[in-house]
Amino acid sequence: YMAEDSSWVIAQLEVDHQHVLLALQEHLNQTAPQDRSLSEVLLKFDIYFSRVQTVLSHTATVKDFVAEREEFDARLEIIRNNLSSVTPLVDALRPGDLAGLAQMNALMAEVMPDIRYVVVTAVQTWQRRAQMLRLQREAVLEQFLTAGALALALILGLLAVSAHLYRQSALRNTMVERLDSN
């Protein structure tokens, strides 16, 4: 389940990024932008900002299993640097600052392929890792079941030998009693 949880957390990066871009587009396309839509942009950006931090911590564990680690690390760094470039713009935004919003929109749009790469690579890596762990678990279970079956066969064999020996002993005792009675 850890892989599914981590995959979901990482996949949400792209979703949250898209939410910021959509909120920006809505605000920029309004003929008379409202403060409420700017608040929506800021809220979506705060969620995205948090998501980037969460993803950076979640990807620390997946990096060891990524096939193209240098590329993955480079894309993460691009996302981190992009966030560092956009954050001061967001902090400086004021109602009616269409130039600042347009610049924010352009910067955030630039990082879209990098986010896509990180999300797809991380999710695929987690799924491969989960599949490998499932196969290992199945192999251990198979070994356990085989050992259990062998142990059961051994116990049943010993019971059969014990029953045979007991029967032989009982027959011998019966024969000895007959001989003694004669």
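Because the structure is predicted, anything quoted here is derived from the model rather than measured.

Novice: Describe the overall build of the protein chain, listing the residues and the values that go with them.
Specialist: Secondary structure assignment for the protein chain yields five helices and zero strands. Taken from N to C terminus, the helices and strands of the protein chain fall in the order α-α-α-α-α. Against the globule reference of 16 Å for 182 residues, the protein chain gives a C-alpha radius of gyration of 34 Å, more extended than a compact globule. Considered along the principal axes of its C-alpha atoms, the protein chain spans approximately 125 × 35 × 20 Å. Here the protein chain, with 182 residues, has 31% of them falling under the buried criterion. Long-range pairs, those at least 24 residues apart, make up 80% of the contacts in the protein chain between residues at least 6 apart in sequence.

Novice: Mind laying out the pattern of salt bridges, listing which residues take part and the relevant values?
Specialist: Enumeration over the complete set of coordinates arrives at seven salt bridges. Residues arginine 51 and aspartate 16 are paired through a salt bridge, measuring 2.7 Å at the closest nitrogen-oxygen approach. Linking arginine 51 in helix α2 (residues 35-62) with aspartate 16 in helix α1 (residues 2-29), this pair joins segments that are 35 residues apart in sequence. You'll find arginine 51 and aspartate 16 in the same group, each marked buried. A salt bridge links lysine 44 to glutamate 40; the shortest N-O distance between them is 3.4 Å.

Novice: Tell me about the environment of leucine 107, residues and numbers included.
Specialist: In this fold, leucine 107 is placed in helix α4 (residues 98-110). Residue leucine 107 is classed as buried on the basis of its relative accessible area of 19%. Taking C-alpha positions, leucine 107 is 6.8 Å from valine 86, a pair spaced 21 residues apart along the chain. Other than its neighbours up to four places away in sequence, leucine 107 contacts Asn82, Ser85, Val86 and Leu89.

Novice: Can you explain helix α3 (residues 69-92)? Please cite residues and give values.
Specialist: Side chains three or four residues apart in an α-helix point the same way, a direct result of the helix having 3.6 residues per turn. In this model, α3 (24 residues) spans 35 Å end to end at C-alpha, consistent with the 34 Å of a helix rising 1.5 Å per residue. Within the span of α3, buried status applies to Phe72, Arg75, Leu76, Ile79, Asn82, Leu83, Val86, Thr87, Leu89 and Val90.

Novice: Summarise the environment of glutamine 25; cite the residues concerned and give the values.
Specialist: With respect to the secondary-structure elements, glutamine 25 resides in helix α1. Judged by relative accessible area, glutamine 25 falls into the partly exposed class, the value being 32%. Each C-alpha atom, one on glutamine 25 and one on valine 62, is 33 Å from the other, the two residues being 37 residues apart in sequence.

Novice: Tell me about the nonpolar core, and name the residues and values.
Specialist: Ranked by internal contacts, the top residues of the largest apolar core, which has 34 residues, are Leu13, Phe45, Tyr48, Phe72, Ile79, Met104 and Met108. Sorting the residues of this core by element identifies α1, α2, α3, α4 and α5 (112-181) as the ones contributing at least two each. The greatest single-element share of this core, amounting to eight residues, is contributed by α2. Excluding residues within four positions of it along the chain, methionine 104 makes contact with Val20, Leu24, Val41, Phe45, Val86, Leu89, Val90 and Leu93.

Novice: Any details on the confidence of the model for the protein chain? Residues and values, ideally.
Specialist: When pLDDT is averaged along the protein chain, the result is 88; 96% of the residues meet or exceed 70. No element of the protein chain has a lower mean pLDDT than α1, which averages 86, and none a higher one than α4, which averages 94.

Conventions used here
- Residues numbered from 1 in each chain as written.
- Predicted model: local features only at pLDDT ≥ 70, side-chain atom pairs only at ≥ 80, totals over all residues.
- Heavy atoms only, no water.
- Helix = DSSP H or I, 4+ residues; strand = E, 2+ residues; numbered from the N terminus.
- Rg over C-alpha atoms; globule rule 2.2 N^0.38 Å.
- Buried < 20%, exposed > 50% of the residue type's maximum accessible area, 1.4 Å probe, protein only.
- Contact = heavy atoms within 4.5 Å.
- Salt bridge = Lys/Arg side-chain N within 4 Å of Asp/Glu carboxyl O.
- Expected span 1.5 Å × (residues − 1).
- Core = buried A, V, L, I, M, F, W, Y, C linked by side-chain atoms within 4.5 Å.
- pLDDT = per-residue confidence, 0-100.

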